[in-house]
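# Structural description and commentary
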Amino acid sequence: MEMWFNRVTPEGSETRIQRPLVPEVPIAIEINGIGYAVMMATPSHLADFAYGFVAAERLGTPVDVETHEAERGVILRVTLADPTTVIERVRHRTTDSSCGLCGIENLEAALRPLPPIEQATEASTTAIFRAASALREHQPLNRVTGAAHAAALCAVDGGIRLVREDVGRHNAFDKLIGAMARGGLGWDGGFALISARCSFELVEKAVLAGCPMLAAISAPTELAAERARAAGLRLAALVRSDALLALVP
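Small disclaimer: the values here were computed from a predicted structure and weren't measured. (Residues numbered from 1 in each chain as written. Predicted model: local features only at pLDDT ≥ 70, side-chain atom pairs only at ≥ 80, totals over all residues. Heavy atoms only, no water.)

A positive phi angle is found at Asn32, which is not glycine, with a value near 50°. You can see Asn32 is positioned in the loop between strand 3 (25–31) and strand 4 (34–41). Positioned with a positive phi, Asp188 is a non-glycine residue whose angle comes to about 50°. The residue Asp188 is located in the loop between helix 6 (169–183) and strand 9 (191–194) in this model. With relative accessibility at 56%, the residue Asp188 sits in the exposed group. (Helix = DSSP H or I, 4+ residues; strand = E, 2+ residues; numbered from the N terminus. Buried < 20%, exposed > 50% of the residue type's maximum accessible area, 1.4 Å probe, protein only.)

With that settled, the discussion passes to a nonpolar patch on the surface. Residues Met1, Met3, Phe5 and Leu21 make up a contiguous nonpolar surface patch of about 400 Å² in total accessible area. On the secondary structure map, Met3 appears in strand 1 (residues 2–8). (Patch = residues over 30% accessible without salt bridge, like charges linked within 9 Å, V, L, I, M, F, W, Y side chains within 5 Å. Areas by Shrake-Rupley, 256 points an atom, 1.4 Å probe, with all protein chains shown as cover. Salt bridge = Lys/Arg side-chain N within 4 Å of Asp/Glu carboxyl O.)

Note: strand 3 against strand 4, seven bridges, orientation antiparallel. Across the sheet, the residue bridging to Ile27 is Met39, located in strand 4. Here five bridges tie strand 3 to strand 6 (residues 74–80), and the two strands are oriented parallel to one another. Looking across to strand 6, one finds that Ala28 is bridged to Ile75. (Pairing = 2+ DSSP bridges.)

Quick look at the structure:
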């Protein structure tokens with residue numbers, strides 16, 4: 001979709017231009033017929049998104065995913081072989097809360113222990129710099145809109161193997177992890193690169209996906225760094241062309 005804008009310079013000159021905008025719609029996620037969440041996301045690679053989202057929520061593996069266009073968004077219907085975890089998770093939610101995550105059960109669930117990273121990466125800092133410098137070439141949606149995040153699967157030498165984009169950084173990573181699961185792709189000694197700040201949710205997604213190293217263009221939060229260190233996830237942050245920050249184990 002394109003819309004008209006007035007491009008204004010510091011000198012005060014104005015030019016009328018037409019610019020493409022990144023799609024962002026509500027994605028209603030239903031799991032075994034239960035309304036689980038509504039996410040604002042870019043409506044592309046939604047099967048990948050479903051697989052990654054379910055994995056990050058620790059709900060299991062989908063056996064079927066159906067996409068249904070609705071008047072104001074998309075309904076993503078996911079079927080799990082065992083919906084027990086979904087039923088228990090939904091039972092602890094309250095319907096009148098704006099956050100949707102209230103109650104001590106959810107606070108505890110938010111900081112559940114993470115499994116230790118079992119894989120190792122042989123990727124060097126040179127590989128991280130190489131991947132970061134090439135990422136823009138693999139972001140067609142961001143190139144035309146300037147408003148999409150990317151998550152990339154990178155080889156041990158820094159070559160970019162697979163990228164997924166979305167208006168949300170979490171969604172982009174879910175799509176990448178889901179695409180890897182659906183395609184039978186492993187980390188193979190490589191790492192993940194994200195075009196965003198490193199929040200604790202992204203660290204958790206990486207750990208649960210068995211990712212041995214996560215590189216981020218921006219800085220990590222305090223909780224993200226703590227969770228990465230506890231799980232043994234190698235973390236590289238503030239990746240720039242001339243330097244990066246490597247978390248000390």
